[in-house]
Amino acid sequence: MSINVQPFGDQAILVEFGSSINEETNKEVRKFSAHLDASSPEWMIEYIPAFTTVTIIYDPLYISHQVGGETPLPYEWAQQRVEELLSKNAIDRNQTDRTIEIPVSYGGDLGPDLSFVAAHNKMSEEEVIKTHMAGDYLVYMIGFAPGFPYIGGMDEKIAAPRRDDPRLAIPAGSVGIAGAQTGVYPIETPGGWQLIGRTPLRLFQPEKAPPSLLQAGDHIKFTRISEDEYKSMKEDER
Amino acid sequence: MIRILKSGLLTSIQDLGRYGYQKHGIIASGVMDSVAHRIANFLVNNAANAPTLEITLMGPVIEFQEDTLISICGGELSPMIDGEHVNMWKLIYVRKGSELRFGQPKQGFRAYLAIAGGFDVPRVMNSASTYMRAAVGGFQGRMLEKGDEIPVYPDTDLSGIFQSLSSEIRKDPFIEAPWFVAPEITSYTKTNEPIRVMRGREFELFDDASQNNFMKNSFKIDPKSDRMGYRLKGTTLSLKEKQEIVSEAVTFGTVQVPPEGNPIILLADRQTTGGYPKIGQVASVDLPRIAQMKPGENMTFRHISHAEAQHLYLKRENQLRQLKRGIHSNITKEAQICTALI
């Protein structure tokens, strides 16, 4: 595998393990993330893992004071450290292999774009729901919003493009589709995904550590509940 | 303690941001203009990361419940104490019971109010920053409202000296230090030079006309803009061919373009990752300037290399370090003079 390291603006470095979404590439991302957690280099402020990349945010001032005038750019110094970390990236993380069930009320007011996704794929709404529940889902990354899971394993048959004009407010718990990805919005936020349903579960739990219900590497199963069940479970979550 | 008598447009408690949680999707938040925030803190002898009030365009009315030291930096929003004009970028002694309000905004968009000792609010995930959308951090996770009372940590050794001085000059509601921060450091809030931007990771995926238009044409900041991002309106930008991008990290200053073609500059309350193609990345040194631009204003970009952006950033940060040292020695001198007077 060829790993590509490049600058991302003037305070971050991007490590790219591949260009397409697949389990093998994502496993490398999670392995490197675990390595960064374990070594937590002083020049690193934090890192953001994604499907195929890890972005490391660093402090150019810290590096420039650390190395004095010896190197022209803090980036170049950081890049060398990243190469060293990558060469020692042998530790394999224990995969947790959790499966978490996410109950969803599909369609209606809670999933206003279900009809769009069905029409786009020339299917019935019922077929879209069944296909969505049948997927073998893996959480590839948490991003975009607190606890928001980017999930792989959705059947391409129900893929749909992002909205041309992102919504300014999507309610918490909304289950959406964007391209061949599916995910759940943990808090109210703007966004461009097509919304097919809603879950009463709280994916962002700021009082807990870690504050995210789901973690990269988790498996997910979507199950179906009625709108009434959604409402009563939502009451219980409060 | 301070008391909010009137709320203003949008005032929130912010520090330099919430770091280390972006891997859980928790946004960084923090001040929009880190230069004004830090200088405000330096002036009252606080740590750079002490929480300040970020005041947007139409300021609040604030009552001081005790004698204290404050400073107001950033956009010129016409601050007044008990009806009298006060200067920005200065150390100010305010007397208990005096009232700070803001008049007509003259320049810039956001001002930062620092108070000696710093605001006493709980740290959530190691930060005092308000993350409004998730109702986390700052003061009860929200913008400040009428009637809020925000406690302040007991302040530093300096205020005692100023207090003694104040008893000598009974009638003034406030006293300004005679020195101020040099205009070459504060003038960034006023310039309308183009914003310097590096090519984004997907720059080459945009068609030639879009690449050119992005770097040359002017864009208007849309009223729908907020702390999360500035939506720009101008020429629409398009890809050579339509394609979905694999979601990955975005940072403060990433310029992404949704399919309808209007670029969005991601700011302090940005999401941690994004799936729209990134046409540019604003040089960190120019982010405080963007924070001082308001919806309705026009913005142009100019290309800058990654290396130059990093050099400029280091230059500015080193300048701030010197300023901090300078302010500290001034405060110390001030304290000596005050002591001598008394």
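Residues numbered from 1 in each chain as written. Chains lettered and ligands numbered in written order. Predicted model: local features only at pLDDT ≥ 70, side-chain atom pairs only at ≥ 80, totals over all residues. Heavy atoms only, no water.

Looking now at the sheet that holds strand 2 (residues 12–16) of chain A. Residue and element names in this part refer to chain A. Ordered by their spatial adjacency, four strands build an open sheet running 1-2-4-3, and the pairing between neighbours is antiparallel. Every other strand in the sheet has two partners, leaving strand 1 (4–8) and strand 3 (44–49) as the edge strands with one partner each. Direction aside, the axes of adjacent strands within the sheet are offset by 20 degrees on average. As judged from the five bridges shared by strand 2 and strand 4 (residues 53–58), these two strands associate in the antiparallel manner. Residue pairing in the sheet places Ile13 in a bridge with Ile56 of strand 4. Strands strand 2, strand 3 and strand 4 of the sheet are contacted by helix 1 (residues 23–39), whose axis makes an angle of about 25 degrees with strand 4. (Pairing = 2+ DSSP bridges. Helix = DSSP H or I, 4+ residues; strand = E, 2+ residues; numbered from the N terminus. Axes fitted to C-alpha atoms, helices over the stretch in contact; angles between N-to-C directions. Contact = heavy atoms within 4.5 Å.)

The next subject is the domain arrangement of chain B. Residue and element names in this part refer to chain B. Under the domain assignment, chain B is made up of domain 1 (2–186 + 319–340) and domain 2 (195–304). Just the C-alpha atoms count here: the centres of domain 1 and domain 2 sit 31 Å apart. The partner domain 2 presents 18 residues to the 23 residues of domain 1 that form the contact. Counting the contacts that link domain 1 with domain 2 gives two salt bridges. When the shortest N-O distance is used, the salt bridge between Glu54 and Arg227 registers 2.8 Å. Applying the counting rule to domain 1 against domain 2 returns 13 residue pairs in polar contact (both at pLDDT 80 or more). Mapped by element, the contributors of at least two residues to the side of domain 1 that touches domain 2 are strand 5 (68–76) and strand 10 (107–115). At four residues, the largest contribution of residues to the side of domain 1 that touches domain 2 is made by strand 10. (Domains from an automatic or database assignment. Salt bridge = Lys/Arg side-chain N within 4 Å of Asp/Glu carboxyl O. Polar contact = N/O pair within 3.5 Å; in protein donor to acceptor, adjacent residues only side chain to side chain.)

All right, on to the packing of helix 2 (residues 60–67) of chain A against helix 3 (residues 74–87) of chain A then. Residue and element names in this part refer to chain A. Relative orientation of the contacting elements helix 2 and helix 3 amounts to 85 degrees, with a least axis distance of 9 Å. Comparing the axis directions of helix 2 and helix 3 gives the class roughly perpendicular. Counted together, Pro60, Ile63, Ser64 and Val67 of helix 2 and Pro74, Trp77 and Ala78 of helix 3 form the full contact between these two elements. (Parallel < 35°, antiparallel > 145°, perpendicular 65-115°, else oblique.)

What follows deals with the sheet that holds strand 2 (residues 10–14) of chain B. Residue and element names in this part refer to chain B. Taking strand neighbours across the sheet as the criterion, the six strands line up as 2-3-10-5-8-12 in an open arrangement whose pairing is antiparallel. The outermost strands of the open sheet, each flanked by one partner alone, are strand 2 and strand 12 (174–176). Recorded for the sheet is a direction-independent mean angle of 25 degrees between the axes of neighbouring strands. With three bridges joining them, strand 5 and strand 8 (residues 92–94) adopt antiparallel strand pairing. When the sheet's bridge partners are listed, Leu69 is paired in strand 8 with Tyr93. Set on the sheet, helix 1 (residues 34–43) makes contact with strand 2, strand 3 (52–56), strand 5 and strand 10; between it and strand 5 the angle comes to about 155 degrees.

Another aspect to go through is the confidence of the model for chain B. Summarising the model, chain B shows a mean pLDDT of 92, and 92% of its residues fall at 70 or more. Interface scoring of the predicted complex returns ipTM 0.93; its pTM is 0.90. (pLDDT = per-residue confidence, 0-100.)

This paragraph deals with the domain arrangement of chain A. All names here are of chain A. When its domains are assigned, chain A resolves into domain 1 (4–87) and domain 2 (99–237). On a C-alpha basis, the centroid separation for the pair domain 1 and domain 2 is 31 Å. Each partner contributes residues to the interface: domain 1 has eight residues there, and domain 2 has nine residues. Taken together, the two surfaces of domain 1 and domain 2 that pack against each other cover about 710 Å², and 70% of this comes from carbon and sulfur. When residues in the side of domain 1 that touches domain 2 are grouped by element, the largest group, three residues, is from helix 1. By residue class, the composition of the side of domain 1 that touches domain 2 is four nonpolar, two polar and two charged. (Buried area = accessible area lost by both parts, 1.4 Å probe. Nonpolar A, V, L, I, M, F, W, Y, C, P; charged D, E, K, R; others polar.)

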